[in-house]
Amino acid sequence: MTACDVALSQFRARFGGEPDGIWEAPGRVNLIGEHTDYNAGLVLPIALPQRTYVAARRRPDRALHLVSHGMDDAAPIHLDAVAPGTPSDWRRYPAGVLWALEDAGHRVGGVDAAFASEVPVGAGLSSSAAIEGAMGAAASDLFGLDLLADDQGRAQLAAICQRAENHIAGAPTGGMDQAASLRAQPGHALYLDCADSSVRHVPFRLGEHGLTLLVIDTRAEHSHATGQYGARRADCERACARLGVETLREISVDDMAAHLSRLPDERLRKRVRHVVTETHRVRQAVQAMDADDFAELGRLFVDSHASMRDDYEISCPELDLAVLTALEAGALGARMTGGGFGGSAIALVFDQALDATREAVSAAFSRQGHLAPQFILAQAGGPAGRTPLRP
Ligand code: GLA
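Residues numbered from 1 in each chain as written. Predicted model: local features only at pLDDT ≥ 70, side-chain atom pairs only at ≥ 80, totals over all residues. Heavy atoms only, no water.

Colleague: Please provide a residue-by-residue account of the sheet that holds strand β2 (residues 42–43), values included.
Modeller: An order of β2-β7-β8 is seen for the 3 strands of this open sheet, with the pairing classed as antiparallel. Edge positions in the open sheet fall to β2 and β8 (198–203), since each of these has one partner strand only. Here 6 bridges tie strand β7 (residues 188–193) to β8, and the two strands are oriented antiparallel to one another. Looking at β8, one finds that Leu192 is bridged to Val199. Each of β2, β7 and β8 is contacted by helix α5 (residues 176–183), which is oriented at about 135 degrees to β7, the strand it contacts most. Helix-sheet contacts for helix α8 (residues 266–290) involve β2, β7 and β8, and the interaxial angle to β8 is about 40 degrees. (Pairing = 2+ DSSP bridges. Helix = DSSP H or I, 4+ residues; strand = E, 2+ residues; numbered from the N terminus. Contact = heavy atoms within 4.5 Å. Axes fitted to C-alpha atoms, helices over the stretch in contact; angles between N-to-C directions.)

And the structure:
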């Protein structure tokens, strides 16, 4: 049974009758541009074909009946009771989206909604943004908000989903994941400028060049709530205050040295160096993709990983091992992706080296006593929307 079928059958079993529709939203993998989104920088994610589905129906009252395959049922929650930290389980994401829609002035109400997902949880592939995107897409149609029709509406909905994540779920993330889930185009990477939310869709043509983007889920634990993510963000804000700039985006690679010399400690210098060089690398990566120069893209992956490992200090032994082993097996480039401290790495691998690369990474993990890694071959999927009815 597909996840879409599971969502539908859960809906029928828990609520009775038929949903008003089924909606879906993808997880994402970021090609390059890490921890730049909340610094008004540049990012380059792709939406994944792996999706979260929600079968949903509007209710006449303001109760939120939210169930998910594999999760225990919890009592319904009233829309007026949604607040920072409430609900405290996975339902904070969909409930948060309805709260944030209302907070932004949209008229919404109660729903019956059954979720099922193919996006692996805890792999750093934005399973939470996929839940938010699916709920947001469903709410847009169910309550006639018309936020899916064009990119402008989708950008608004992405900002609303980010607010749910920040305010109700309490994760101080930037907006990359929600933008990827709602605004990406199939076959393209989303080149997003977080300073003004503008986007360009960059063709993602690996397949034509005998290359695959291999996602290596290290299964090392990561959680943005652990405080490390917030601590990095706070470092960036402290650096801005010292340097008298609004955001780190204002600093270019050319005038970086002058700014670094004005910072009081090495830790802040390292944080700023990562953010400034990473945004520069995103620009270079887009040029490389436009020119089909995958050797150059791979080189940028390697530099990006070193910067996250040494300057931003968000890698971990499993991520470093995945990257190193993939490179030794012949990958053109590899880097950790997402928030860090665990989750997934990506590698740019020639198709004929795919099996050997997977085997080498699995063997290296086993030798070090790490959990067995899992692999996904990443393709650039489409954005959130209503799932077409199948015959
Ligand atoms: C997480 C956050 C994003 C972004 C990345 C790091 O995925 O949700 O907003 O900051 O980490 O690039």
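Colleague: A description of the sheet that holds strand β12 (residues 374–378) should follow, citing residues and the corresponding values.
Modeller: Spatially, the 4 strands line up as an open sheet ordered β10-β11-β9-β12, and their pairing is antiparallel. What marks the edges here is a single partner per strand, and that holds for β10 (333–336) and β12. Direction aside, neighbouring strands of the sheet carry axes that sit 20 degrees apart on average. Taken together, the 5 bridges between strand β9 (residues 211–217) and β12 define a ladder with antiparallel strand orientation. The residue of β12 that forms the bridge with Leu213 is Ala378. Sheet strands in contact with helix α9 (residues 294–310) are β9, β10 and β11 (344–350), and its direction is about 30 degrees off that of β10.

Colleague: So, the side chain of Arg232: which residues are in play, and what are the values?
Modeller: Within the secondary structure, Arg232 is located in helix α6 (residues 228–243). Discounting residues that sit within four places of it in the chain, Arg232 has contacts with Tyr38, Arg271, Tyr312, Glu313, Ile314 and Phe341.

Colleague: Residues and numbers for the packing of helix α3 (residues 127–142) against α5, please.
Modeller: Close contact between α3 and α5 brings their axes to 9 Å; oriented N to C, the two are set at 50 degrees. Our classification of the angle between α3 and α5 gives oblique. Relative to α5, α3 is oriented so that their crossing is right-handed. Counted together, Ala129, Ala130, Glu132 and Gly133 of α3 and Asp177, Gln178, Ser181 and Leu182 of α5 form the full contact between these two elements. (Parallel < 35°, antiparallel > 145°, perpendicular 65-115°, else oblique. Left-handed = near helix turned anticlockwise from the far one by under 90°.)

Colleague: Tell me about the site of the ligand, and name the residues and values.
Modeller: Around the ligand, a shell composed of 13 residues is seen, among which Glu34, His35, Asp37, Asp177 and Tyr229 lie nearest. One of the backbone nitrogen or oxygen atoms of His35 is found 2.7 Å away from an oxygen atom of the ligand. In this structure, an oxygen atom belonging to the ligand sits 3.0 Å away from a main-chain N or O atom of Gly174. Within the complex, the protein chains bury 98% of what would otherwise be the 300 Å² of accessible surface of the ligand. Looking at the shell around the ligand, its residues break down into 3 nonpolar, 6 polar and 4 charged. (Near = heavy atom within 4 Å. Polar contact = N/O pair within 3.5 Å; in protein donor to acceptor, adjacent residues only side chain to side chain. Areas by Shrake-Rupley, 256 points an atom, 1.4 Å probe, with all protein chains shown as cover. Nonpolar A, V, L, I, M, F, W, Y, C, P; charged D, E, K, R; others polar.)

Colleague: Give a description of the nonpolar core that names residues and reports values.
Modeller: Leu64, Leu98, Leu101 and Val111 are the most contacted members of the largest nonpolar core, which totals 41 residues. Those elements that provide at least two residues to this core are β1 (21–30), β3 (45–58), β4 (63–68), α2 (92–103), β6 (111–117), α3 and α4 (151–168). (Core = buried A, V, L, I, M, F, W, Y, C linked by side-chain atoms within 4.5 Å. Buried < 20%, exposed > 50% of the residue type's maximum accessible area, 1.4 Å probe, protein only.)

Colleague: How would you summarise unusual backbone geometry if you had to cite specific residues and measurements?
Modeller: In this model, Thr86 is joined to Pro87 through a cis peptide bond whose omega is -5 degrees. On the secondary structure map, Pro87 appears in the loop between β5 (77–78) and α2. With a phi angle near 60 degrees, His35 is a residue other than glycine that sits in the positive phi range. With respect to the secondary-structure elements, His35 resides in the loop between β1 and β2. Its identity is not glycine, yet Phe341 carries a phi of approximately 60 degrees, on the positive side. Looking at the secondary structure, you find Phe341 in the loop between β10 and β11.

Colleague: Give me the packing of α2 against α3: which residues, what numbers.
Modeller: Across the interface, α2 lies against α3 with an axial gap of 8 Å and an inter-helix angle of 45 degrees. In terms of axis orientation, α2 runs oblique to α3. In this structure, α2 crosses over α3, and the sense of that crossing is right-handed. Here α2 contributes Tyr93, Pro94, Val97, Leu98 and Leu101 to the contact with α3, which in turn contributes Ser128, Ile131, Glu132, Met135, Gly136 and Ala139. Of the residues belonging to the contact of α2 with α3, the class tally is 8 nonpolar, 2 polar and 1 charged.

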